[in-house]
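# Tertiary structure, described
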Amino acid sequence: MQTALSVQQILAQPQHTRLVRELLEPKAVSTRSALARELCQRLDLRDPNGDWRLATTLKALRDLEAQGFWTLPAATVPPPGAWNPTRLHQRVQPPTAVPACVEEVRGLQLIEVSTEEELKLWNELMIREHPLHQCRLVGRQLRYLVASEHGWLGAIGFGSAALYLEDRDEWIGWTATQRMEHLPRVLNMNRFLIRPQVRCENLASQVLGLCARRVAGDFERRYGLRPWLLESFVDRSRYDGCCYKAANWIQVGQTKGRGRNGRRDAGKSLKDIYLYPLVENLPERMGIEGSALVALDAASGLDAPGWAQQEFGDCELGDPRRTRRLVKIVGDQAAQPSGS
C-alpha cells in the first residue's frame, strides 16, 4: 500500500518548489502565514477532517528553508499579550468522589479534543491548573481530556519534538541527516495535567498507558504520519518521574536549559528527559547501525524509583489492596535485601 506523502515531501517536489519560489519572488505574499494559506488552497492540503493544514505547511516551509530551498519573509512577532486563546473564563467544575486508587475509577477514558467547546475546556484547565499556566502548543498538535464518571480529571497535549536534544539524540544514535528526516515522527508530550485536587494512586501512569495506545493512530489519522517515539520532560524540582517509570518510559538524561530550537534560555529549568518507543524496531526504521538502544541492566531496574509498581502493579489478586500491598513488600525488600 502506498504511503501518503507528508506536506514537506509534497513541497520538496520540483513543481511545487517552483510554485513557492514564484510566490516569493514578486512578493505575491507578504507573510509566512499568507504563503502557507495560499499553498494549502492551491495544492488542496487538508487534514482528514477537511481543515487546511496551515500549521503543518508553515513547519514544512521552515524546515525546507533550513535546507536551502528558499528564503521566507521575516517572521512577525506579535506584541506582548496579542495571543488570545479561546477559553471558558470560568473555573472547570471539580470532579467529585474520585476513588483513592485508579482501579476503582469509573469510566476512565481519553477524549481527543476536536470541537470548539472541548478546546475551550482544555485551554481553561491548562491556564488555570497546569504549573506553567500556558496552553500554547508548537507544530502538529494533539490534545486529550482525561474524562471519567467523576468529572474531568486532567488533560494532555502533544506538539512537535525538540529540534536539538543532546541526551535524546545520543540515546537514539541518529546522524544529523537522520534526525532531520525522522524528527517529525517524534512527538513531545509537553503538557500533562492531573488536576491538583485529584488524589488517585496510579492514575498518572494509567493515563500515560492510555496515551501510548491511542496517540499513534490518532496522530496518523489527523496528519497522515505515524509517530515512532514519544518524548517528555519532568521538572525534577517538582516531580520525581515515578509515573513515567511505572508506565515503562525510559529516562535517558537531562536537558541543558535551552529552548526548543536549541538556544540557551535563562528562564528554562533543567528537566529529566523521558522517551517511549511506539514501535519495536525503532533503529532499523531510522536506518541506524550499532544503535545505542539497549535494555536496562538488572541493577538499574532495581534501583529505579517505581520499579516495584512497574513490575507488579498489574497483578490481579482479587482485590486492589492486595496488589498495593504486594508492590510495597517488593519495594521494601528491594530497598533492603538483607533486612528481616
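## Comments concerning the pairing of strand β1 (residues 109–112)
- Side chains of β1 alternate between two faces, with L110 and E112 buried and Q109 and I111 left unburied.
- By the bridge criterion, four bridges tie β1 to strand β2 (residues 142–147) in an arrangement that is antiparallel. In the strand pairing of β2, L110 is matched with V146.

## Details of the confidence of the model for the protein chain
- Mean pLDDT over the protein chain works out to 85, with 82% of the residues at or above the 70 mark.
- Ranking the elements of the protein chain by mean pLDDT puts helix α11 (residues 298–303) last, at 43, and β2 first, at 97.
- Considering only residues more than four positions removed or in separate chains, one finds that residues 294–305, a stretch of pLDDT under 50, has four contacts.

## Some points on the side chain of E112
- Within the fold, E112 resides in strand β1.
- Judged by relative accessible area, E112 falls into the buried class, the value being 13%.
- In this structure the side chain of E112 is engaged in a polar contact, spanning 2.8 Å, whose partner is the side chain of R222.
- Once residues within four sequence positions are removed from consideration, E112 is found in contact with E118, L142, R143, Y144, R214, D218, R221 and R222.

## Structural notes on the sheet that holds strand β7 (residues 271–277)
- Strand order in the open sheet formed by seven strands is β1-β2-β3-β4-β5-β7-β6, and the pairing between neighbours is mixed. The open sheet has two edge strands with one neighbour each: β1 and β6 (250–254). Geometrically, the sheet is characterised by an average inter-axis angle of 30 degrees between neighbouring strands, direction not taken into account.
- Strands in contact with helix α8 (residues 203–223) are β1, β2, β3 (154–160), β4 (186–194), β5 (229–235) and β7; relative to β4, the strand with the most contacts, it is inclined by about 140 degrees.

## As for the nonpolar core
- The biggest cluster of nonpolar side chains holds 29 residues, and the ones touching the most others in it are L110, I156, F158, M189, F192, Y244 and W249.
- Mapped by element, the contributors of at least two residues to this core are β2, β3, β4, α8 and β5.
- In terms of residues, this core owes the most to one element, α8, which gives nine residues.
- Ignoring any residue separated from it by four or fewer positions in sequence, one finds M189 in contact with I156, G157, F158, L208, E231, S232, Y244 and W249.

## Looking at the packing of helix α2 (residues 14–24) against helix α3 (residues 32–43)
- For the pair α2 and α3, the least separation of the axes is 11 Å and the interaxial angle reads 135 degrees. Considered as vectors, α2 and α3 are oriented oblique to each other. Helix-helix and strand crossings are classified by hand; for α2 and α3 the assignment is right-handed. Residues H16, L19, V20, L23 and L24 of α2 form the contact with α3, whose participating residues are L35, E38, L39, R42 and L43.
- Grouping the constituent residues of the contact of α2 with α3 by class yields seven nonpolar, one polar and two charged.

Cut-off values and rules
Residues numbered from 1 in each chain as written. Predicted model: local features only at pLDDT ≥ 70, side-chain atom pairs only at ≥ 80, totals over all residues. Heavy atoms only, no water. Buried < 20%, exposed > 50% of the residue type's maximum accessible area, 1.4 Å probe, protein only. Helix = DSSP H or I, 4+ residues; strand = E, 2+ residues; numbered from the N terminus. Pairing = 2+ DSSP bridges. pLDDT = per-residue confidence, 0-100. Contact = heavy atoms within 4.5 Å. Polar contact = N/O pair within 3.5 Å; in protein donor to acceptor, adjacent residues only side chain to side chain. Axes fitted to C-alpha atoms, helices over the stretch in contact; angles between N-to-C directions. Core = buried A, V, L, I, M, F, W, Y, C linked by side-chain atoms within 4.5 Å. Parallel < 35°, antiparallel > 145°, perpendicular 65-115°, else oblique. Left-handed = near helix turned anticlockwise from the far one by under 90°. Nonpolar A, V, L, I, M, F, W, Y, C, P; charged D, E, K, R; others polar.

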